[in-house]
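Analysis of the macromolecular model
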Amino acid sequence: MLLGVNIDHIATLRNARGEGEPCVLEAAKICIDCGVNGITAHLREDRRHIRDNDVYDLKNKLKCKLNLEMAATEEMQNIAIELLPYACCIVPEKRMEVTTEGGLNIAEKKEEIRQFVEPLINAGINVSLFIDAQKEQIDAALYSGAKFIELHTGAYSRAFGTDKEENEFQKLKMAAKYAQSLGLTVNAGHGLNYLNVHRMHEIPGIYELNIGHSIISKAVFTGLKNAVKEMLNLVNKN
C-alpha cells in the first residue's frame, strides 16, 4: 500500500493566528522527503483550513503529486481544471460539520455526478469518489466513469476495539473486493491511526491510504518527520 498524507490541519494551526506559521508548503516537503506517495489537501467552500494559494503552491512550487479533495461544485470543478492536480477526490461537504461525516451519496444523483466527473477526466485528472462501503455506491461510482474510489473508513475506525469492529471491517473488505472485481482501484481513508491502520493489510489490493489528523496530532509530540516515518512503516509493513 501507498501512503498519502493529508495536511489540512497544518493549515488549521496556521489559520488560528492568521499568520504564516506553520508553513503548509514546508510540511508537505517534509512528507514528500520521507517517501509518501502524495499530498492530500481539501479546499473547502468555507476555506476553513486549506486556501487557494496553498493548492497552487503545492502544485507549482513543490510539484508534488497533489490529491485535491473537493465538493462537487462548479467553483471547485473550475479550480481543478485550471490547477490540474494529479488527482481529485470528490467528497460530500456540509458547512457546519467538524470533518467529513460520511461518503458521497452517488446512487441518488448518478447522472449529476457523471456529468461533473467527465470534464475532470477529460482534463487528465485521476478522479476518485469518496464513498461508504455499499454495493449501490460502488455501482454508481463505476457508472460515473471514475476509475478510483476511496472507501470511507470512519465507521471502522470508530468501532475499532469494540464488539462492532469486525462487522465494520468486513464491510470494507467485501466492498473492496467487489469494487476491484469491477475494475475500480480502491483507496481508503478517514479516522485511520497508528493503532487501527494495521488491519488494512488484511484487505487485498488497497492501493493507497490517505491519513491526516492522526499524523499531524502525533507530530505535535514527535515532529512531523518522525510521525510520517512511523506511519509509513505501518503502511508498508507486510
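So, here's what we can say about the structure.

Calculation rules
Residues numbered from 1 in each chain as written. Predicted model: local features only at pLDDT ≥ 70, side-chain atom pairs only at ≥ 80, totals over all residues. Heavy atoms only, no water. Helix = DSSP H or I, 4+ residues; strand = E, 2+ residues; numbered from the N terminus. Rg over C-alpha atoms; globule rule 2.2 N^0.38 Å. Buried < 20%, exposed > 50% of the residue type's maximum accessible area, 1.4 Å probe, protein only. 1 Å grid on protein atoms, 1.4 Å probe; cavity = no way out; pocket = protein on both sides within 12 Å on 5 of 7 lines; lining within 4 Å. Points joined across faces, edges and corners; volume = space filled by probe spheres on them. Nonpolar A, V, L, I, M, F, W, Y, C, P; charged D, E, K, R; others polar. Pairing = 2+ DSSP bridges.

1. A few points about the overall build of the chain
Per the secondary structure count, the chain includes ten helices and eight strands. What you see for the chain is a C-alpha radius of gyration of 17 Å, in line with the 18 Å of a compact globule of 238 residues. Structurally, the chain occupies a C-alpha span of about 45 × 40 × 30 Å along its principal axes. By the burial criterion, 48% of the 238 residues in the chain qualify as buried.

2. Side note on empty space enclosed by the protein
The full count for this structure, using the stated rule, is one cavity of 30 Å³ or more. Its boundaries defined by the atoms lining it, the largest cavity holds a volume of some 160 Å³. In this structure, the largest cavity is lined by 20 residues; those nearest its centre are Asn 67, Tyr 86, Ala 87, Asn 187 and Glu 208. Listing elements by their share of the lining of the largest cavity, those giving two or more residues are strand E2 (38-42), strand E3 (66-70), strand E4 (87-90), strand E5 (126-131), strand E6 (148-152) and strand E8 (208-211). Split by residue class, the lining of the largest cavity holds eight nonpolar, nine polar and three charged.

3. Looking at the pairing of strand E1 (residues 2-6)
Side chains on a regular strand alternate between the two faces of the sheet. With four of five residues buried, E1 is to be regarded as a mostly interior element. Where E1 and E8 come together, four bridges link them in parallel fashion. What sits directly across from Gly 4, in E8, is Asn 210. As paired strands, E1 and E2 are joined by three bridges and run parallel to one another. If you follow Asn 6 over to E2, its bridge partner there is Thr 40.

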